[in-house]
Amino acid sequence: MPDLTHVQFEGVPSRRPRHDPGRAFPPRSLDPGHPQPLITGFAADVLATAGLDAAVYRAAPLERRVAACLRTLKAGSPEAASVLLGARPELSAAALSTLLIGVSEFFRDPAVFDVVRSVIIPDLQARPGPVRIWSAGCSTGAELYSMAILLAESGMLDRAWLVGTDCRGDAIAAAREGVFAPAALSRLAPALVDRYFEPAKSGRRIVRTLRRRTIWQVGDVTRVLPDGPWDLVLCRNLVIYLQPHAAGALFGGIHARLSPDGFLVVGKAERPPPARYVPVGRATYRRHDA
Ligand SMILES: C[S@@+](CC[C@H](N)C(=O)[O-])C[C@H]1O[C@@H](n2cnc3c(N)ncnc32)[C@H](O)[C@@H]1O
């Protein structure tokens, strides 16, 4: 049976319903023992054009995005969209960005950042030497810049290196630029906006003191992981899109690259394998060696 402990399936009933002999329980689509369907057709073509392996992704969440991709490409059908991509590979970046949901925001899930502030930051402050942080699947950078702000606020920025990787080149280019629309900053305290963002043409730009501590790289986490050791890895809202074998390999690879007391922060619906990570707070874990 595949290990699905990394995913908390939404909609799984907490109690077994009354027996209905005509109905399989749990539903086949949610049964962890049921083989996960593979992506085919247009969604697989988009991934292949971008050099990504369709076999590592769960089909359902990505196939739900196909209609949005067709709108992006102004194509009438998945077949027409595949032909269009073949003829105009330069459209693949826009198609990929629509298919792989890149939603992110500053201090996303504030309860998690409360744990970062109260548990991780004091722990890192007590350690001498550099602080190394990796955001895997960083999208356009709001997550890693949130960490940079916290490090600056706690006086650790000068000894910190923050690395963000994502498989989408356009997301990495935007993260490197560090310009955010006013709406993206609306939930930040005005004092933080004043301190860490400077006016820019189309919004506000992260100040240079923060940008110069960040490194942005295009990379596919299912193939290559940046060498550690990492004191903190943020791998949030990416594993939910992966097949169990790829999620297991990623959590294993991160474990091997964490420093002995390193931390892992995941998305609120994601669960790393309990043999390798011990929980320390909401969606937050410490490396564990059995
Ligand atoms: C929903 S966003 C999460 C952004 C951020 N971590 C957060 O939680 O706010 C998921 C990101 O994972 C990226 N991604 C998906 N597959 C990937 C892969 N194989 N390698 C690297 N990044 C990937 C997507 O491009 C997207 O930017």
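Residues numbered from 1 in each chain as written. Predicted model: local features only at pLDDT ≥ 70, side-chain atom pairs only at ≥ 80, totals over all residues. Heavy atoms only, no water.

## Focus on helix α1 (residues 41-49)
For step 1, the next point in the chain: Among all positions in α1, only F42, A43, A44, V46 and L47 are buried.
For step 2, the next point in the chain: On its buried side, α1 packs onto α2 (59-63), α3 (66-73), α4 (78-87) and α5 (92-99).
For step 3, the next point in the chain: Downstream of α1 by a residue or two, G51 has a phi angle that is positive, lying close to 80°. (Buried < 20%, exposed > 50% of the residue type's maximum accessible area, 1.4 Å probe, protein only. Helix = DSSP H or I, 4+ residues; strand = E, 2+ residues; numbered from the N terminus. Contact = heavy atoms within 4.5 Å.)

## Describing the side chain of R236
For step 1, the next point in the chain: Mapped onto the elements, R236 comes out in the loop between β7 (230-235) and α11 (244-257).
For step 2, the next point in the chain: Within the structure, the side chain of R236 is placed 2.8 Å from the backbone oxygen of R108, a separation counted as a polar contact.
For step 3, the next point in the chain: With sequence-adjacent residues up to four places away left out, R236 is seen in contact with R108, D109, V112, F113, A136, E143, V265, V266, G267 and E270. (Polar contact = N/O pair within 3.5 Å; in protein donor to acceptor, adjacent residues only side chain to side chain.)

## Here we look at the pattern of salt bridges
For step 1, the next point in the chain: Per the counting criterion, the structure on display carries 15 salt bridges.
For step 2, the next point in the chain: With its nearest N and O atoms 3.8 Å apart, the salt bridge here joins D166 to R168.
For step 3, the next point in the chain: According to the relative accessible area criterion, D166 is buried, its value standing at 7%.
For step 4, the next point in the chain: Its salt-bridge partner being D289, residue R287 comes within 3.0 Å of it at the nearest N-O pair. (Salt bridge = Lys/Arg side-chain N within 4 Å of Asp/Glu carboxyl O.)

## Things to note about the sheet that holds strand β5 (residues 203-206)
For step 1, the next point in the chain: Pairing is antiparallel in the open sheet, where three strands are placed in the order β3-β5-β4. Each end of this open sheet is capped by a strand with a single partner; those strands are β3 (179-180) and β4 (197-200). (Pairing = 2+ DSSP bridges.)

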